[in-house]
Amino acid sequence: MSRVSVSKSATRTVARNAPLERHTQRFRELRRDLAQIEYFCKGTVLKRMMKCGKAQCACASDATRRHGPYFELTYKADGKTVNVKLSPAAAPLYTTAAQQYRKLKTLLNRLDKLSKTILHHQAKLADSQRQD
Ligand SMILES: [Zn+2]
């Protein structure tokens, strides 16, 4: 009697676990991607050509003769926009870091959604096991 009941509940658990297994697998993949993240930096790197302000300079009348490029990292902190000047050599480093930051955010969002789905499944499973 008790044996029959155990095997029944085991079969049902396996069937219910199928989507959970898939989600768990996906979670592990995303966690692996997360471990691949390199140095990251919130913000955007801007490339700017500037006017020097001298009326006689060619840049005053000709947009193609502006000075630069000058690079800036811009990001928001406490609701304020922060601009940090970057040297031409530093700009590619920060551009890459900003891409990593966006990737990190995307991964975190996916992991968050997936975690909630998995937790929902696990909670249902825990509830059903309690009722048995
Ligand atoms: Zn100028």
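Provided above is the structure to which this section pertains.
This one's a predicted model, so the numbers in the text were calculated from it and none came from an experiment.

Asks: Before we go on, may I ask you to explain the overall build of the protein in this structure?
Replies: The number of helices and strands found in the protein is two helices and three strands. In sequence order, the secondary structure elements of the protein are arranged as α-β-β-β-α. Within the protein, the proportion of its 132 residues that are buried is 2%.

Asks: Explain unusual backbone geometry here, please?
Replies: Both trends apply: most residues other than glycine have a negative phi, and most peptide bonds are in trans. A cis amide bond, omega 5 degrees, links Gly68 with the succeeding residue Pro69. Among the structural elements, Pro69 can be located in strand E2 (residues 67-77). Positive phi outside glycine occurs at Asp78, with the angle close to 50 degrees. Looking at the secondary structure, you find Asp78 in the loop between E2 and strand E3 (80-86). Given 5 C-beta atoms within 10 Å, Asp78 falls into the exposed group.

Asks: Looking at this structure, how should I read the pairing of E2?
Replies: Residues in a regular strand point their side chains to alternate faces of the sheet. Of the strand pairs in this sheet, strand E1 (residues 44-50) and E2 are connected by six bridges, and their pairing is antiparallel. When the sheet's bridge partners are listed, Arg48 is paired in E2 with Tyr70. Relative to E3, E2 runs antiparallel, the two sharing seven bridges. Within E3, the residue paired with Lys76 across the bridge is Thr81. Counted between consecutive antiparallel strands, the loop separating E2 from E3 contains two residues, among which Asp78 sits at a positive phi close to 50 degrees.

Cut-offs used in this document
- Residues numbered from 1 in each chain as written.
- Predicted model: local features only at pLDDT ≥ 70, side-chain atom pairs only at ≥ 80, totals over all residues.
- Helix = DSSP H or I, 4+ residues; strand = E, 2+ residues; numbered from the N terminus.
- Buried ≥ 20, exposed ≤ 12 C-beta atoms within 10 Å, placed from the backbone.
- Pairing = 2+ DSSP bridges.

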